[in-house]
Amino acid sequence: SAVPGAPNATGADMNFIKLFIQVLSDNYPERLRKLVIFPFPWYGRAIWGMVKVFVDKRTQDKILLLSSSGSGIPAELSEIVDPKDIPECCGGADIGSHGYIE
């Protein structure tokens, strides 16, 4: 039987995917403390809404998706990352003087 909204996936396929993710999360320790994605596009929220049902709640709580607010960086981001470590193109003060070879 097909799963609503997923025309090519059967209930058995979805059960396998859920079981596979559960086995991974039960047997491999989490190493993620916090994941911040900035700037996060508006259409990314729709994609995240579909993907997050397969992600453990503990992991979901560690993911912070921040959209650009026009000018500057969001307050939540500056609480986690020092603005001098955020690239200038994203509203921070880092001008890229890390000695990287291009």
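What counts and what doesn't
- Residues numbered from 1 in each chain as written.
- Predicted model: local features only at pLDDT ≥ 70, side-chain atom pairs only at ≥ 80, totals over all residues.
- Heavy atoms only, no water.
- Phe/Tyr/Trp six-rings, centres within 6.5 Å; stacked < 30°, edge-to-face > 60°.
- Buried < 20%, exposed > 50% of the residue type's maximum accessible area, 1.4 Å probe, protein only.
- Salt bridge = Lys/Arg side-chain N within 4 Å of Asp/Glu carboxyl O.
- Helix = DSSP H or I, 4+ residues; strand = E, 2+ residues; numbered from the N terminus.
- pLDDT = per-residue confidence, 0-100.

Peer 1: Please set out the packing of aromatic side chains residue by residue, giving values where relevant.
Peer 2: This model, assessed by the stated rule, comprises one aromatic pair. On the numbers, 5.7 Å between centres and 85° between planes, the contact of W42 with Y43 is edge-to-face. We classify W42 as exposed; its relative accessible area is 72%. Residue class for Y43 comes out partly exposed when judged on its relative accessible area of 48%.

Peer 1: Tell me about the pattern of salt bridges, and name the residues and values.
Peer 2: According to the stated counting rule, one finds two salt bridges in the structure shown. Of the charged contacts in the structure, one is a salt bridge between D56 and R58, with a shortest N-O distance of 2.9 Å. D56 sits in the partly exposed class, given a relative accessible area of 28%.

Peer 1: Quick one: what's the story with unusual backbone geometry, residue by residue and with numbers?
Peer 2: Residue P39 is reached from F38 by a cis peptide bond, and omega for that bond is -10°. Within the element layout of this structure, P39 appears in the loop between β3 (35-37) and α2 (42-51).

Peer 1: An account of the confidence of the model for the protein chain is needed here, citing residue identities and associated values.
Peer 2: Model confidence for the protein chain is summarised by a mean pLDDT of 77, while 77% of its residues fall at 70 or above. Of all the helices and strands in the protein chain, strand β1 (residues 2-3) carries the lowest mean pLDDT, 48, while strand β4 (residues 63-65) carries the highest, 91.

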